[in-house]
Amino acid sequence: MSQEQSPIVMVTGASKGIGKGIAEVFANAGARLALVARSKDALTEFATTYREKGIEAEVIVADITDRASMAAAVEKTVEIFGGLDVLCANAGIFPAASLETMTDDDWDTVMDTNLKGTFISVQAAMPALKTSAFGRVIVTSSITGPVTGYPGWAHYGASKAGQLGFIRTAAIELAKYNITINAVMPGNILTEGLEDMGDDYLASMSASIPMKRLGSTADIGHAVRFFASPEAGYITGQTLIVDGGQILPESLDAVG
Ligand code: NAP
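No experiment lies behind these values; they were computed from the predicted model shown.

Undergrad: Outline the side chain of Thr118, listing residues and values.
TA: Mapped onto the fold, Thr118 is located in helix α4 (residues 104-130). Excluding residues that lie within four positions of it along the chain, Thr118 makes contacts with Ala89, Thr113, Val139, Gln163 and Phe166.

Laid out in C-alpha cells, this is it:
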C-alpha cells in the first residue's frame, strides 16, 4: 500500500466533535475510514453519508478503555481493508470537577479514557501499523494541561500532558518500524461537547483568542492530516498547537 493510494485510517472518537472533523478531512482526501466510538447510531449515520459519496467508511463500535475491544477493532479493520496505516487516537472526555471535590473515581475515569485509552489504542494498532509501509499515529492532546490550565480540569490537564510524555518514548520505540507518532494540541474547538459549556463560556473564550473565533474541527483535521502526509515522514515525537494564538497573550489587554 502506498500512501498516495488510499490510506486506511482509523479515527477513535469519530462519532462527533473533533474525531468526526478529522474523519471528514481524511474522507475528502480519499482515505478509507474505520470509524470508532461506542455510539453505533451516530457512527452509522455518519458512515452512511460518506458511503453515499463513494467513500469507504466502516463503523466499528469499540471502547478505547477496553483492551479486547480495541484489539477486535483493529482486527476488524484489517479484515475489511487489508491493513491499517494511520491511527488517530482522538477519543477523550472532559467532565469538570473542582480539585476540592474531585473523587478518585473522577480522576480514574478521566485517566482511564484519555491517557490509558491512548496507550491501549496505540498498542492495539501496533501489529497492523508495523506491516504498513508508513505507519502513523496522531494523538489528540490539548493546550489544557501541557500549556494552560482551566478550573475543573486538573485531572483532564494531567491526562493531556501525560499523552505528550507518552508519545516521546513511544516515538523512539516505534521508529524502528518506520512508524511516527505525533500529537496535535487543540485550543478551544467548536464541537457539540464544547457547546454544552454554554454561551457565556463560548463568548469569553472567543474574546480571549487573537483570531477571535473558536477553532473548527476541520482546523484540527488538517493538522492531523499533515502528520499523516508523506511530507511529514521524518517528524516524530512532536507536537503542533492549533489554537488561533490562544496561548500567546500575556493578558486580555494584549488581545484588544
Ligand atoms: P466530543 O465531541 O465529546 O467527542 C468525544 C468522542 O470520543 C466521541 O466520539 C465519543 O464517542 C468518543 N469517546 C469517548 N469515550 C470513548 C471511549 N471510552 N471509547 C471510544 N470512544 C470514546 O469531544 P471532542 O471535543 O471532539 O474531543 C475529542 C478530543 O479532542 C479529546 O481527546 C479532547 O480531549 C480533545 N480536545 C478537545 C478540545 C475542544 O475544544 N473540543 C480542545 C482540546 C482537546 P462515544 O461517546 O460514542 O464513545
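From this point, things continue past the structure.
Undergrad: So what's going on with the pairing of strand β5 (residues 136-140)? Residues and values would help.
TA: Most of β5 is tucked away: 5 of the 5 residues are buried. The two faces of β5 match: Arg136, Ile138 and Thr140 on one face and Val137 and Val139 on the other face are all buried. Two strands pair when backbone bridges link them, and strand β4 (residues 86-89) and β5 are joined in this way by 4 bridges, in the parallel orientation. Bridge assignment links Val86 to a residue of β5, and that residue is Arg136. Taking the sense of rotation as the criterion, the β-α-β connection linking β4, α4 and β5 turns out right-handed. As paired strands, β5 and strand β6 (residues 180-186) are joined by 5 bridges and run parallel to one another. For Val139, the partnering residue across the bridge sits in β6 and is Ala183.

Undergrad: Provide a residue-level description of the nonpolar core, including the pertinent values.
TA: With 33 residues, the main nonpolar core has Met10, Met70, Leu84, Leu87, Val137 and Ile181 as its most contacted residues. The biggest single contributor to this core is α4, with 6 residues. Discounting chain neighbours no more than four positions away, the residues touching Met10 are Ala34, Val36, Met70, Ala73, Val74, Thr77, Leu84, Val86, Leu87 and Cys88. Membership of the second largest hydrophobic core comes to 31 residues, among which are Ala23, Phe46, Ile55 and Val59.

Undergrad: I'd like a description of the sheet that holds strand β7 (residues 239-242), backed by residues and values.
TA: The strand order across the open sheet built from 7 strands is β3-β2-β1-β4-β5-β6-β7, with neighbouring strands paired in parallel fashion. Both outer strands of the open sheet, β3 (57-61) and β7, are each paired with one neighbouring strand and no more. Taken over all neighbouring pairs, the strand axes of this sheet differ in orientation by 20° on average, direction set aside. Note that strand β1 (residues 8-12) and strand β2 (residues 32-37) share 5 bridges and pair parallel. Its bridge partner being in β2, Thr12 is matched across the sheet by Val36. Each of β2 and β3 is contacted by helix α2 (residues 40-52), which is oriented at about 175° to β3, the strand it contacts most. On the sheet, helix α3 (residues 67-81) packs against β1, β2 and β3 and is oriented at approximately 155° with respect to β1.

Thresholds applied
Residues numbered from 1 in each chain as written. Predicted model: local features only at pLDDT ≥ 70, side-chain atom pairs only at ≥ 80, totals over all residues. Heavy atoms only, no water. Helix = DSSP H or I, 4+ residues; strand = E, 2+ residues; numbered from the N terminus. Contact = heavy atoms within 4.5 Å. Buried < 20%, exposed > 50% of the residue type's maximum accessible area, 1.4 Å probe, protein only. Pairing = 2+ DSSP bridges. Right-handed = clockwise from strand over helix to strand, strands pointing away. Core = buried A, V, L, I, M, F, W, Y, C linked by side-chain atoms within 4.5 Å. Axes fitted to C-alpha atoms, helices over the stretch in contact; angles between N-to-C directions.

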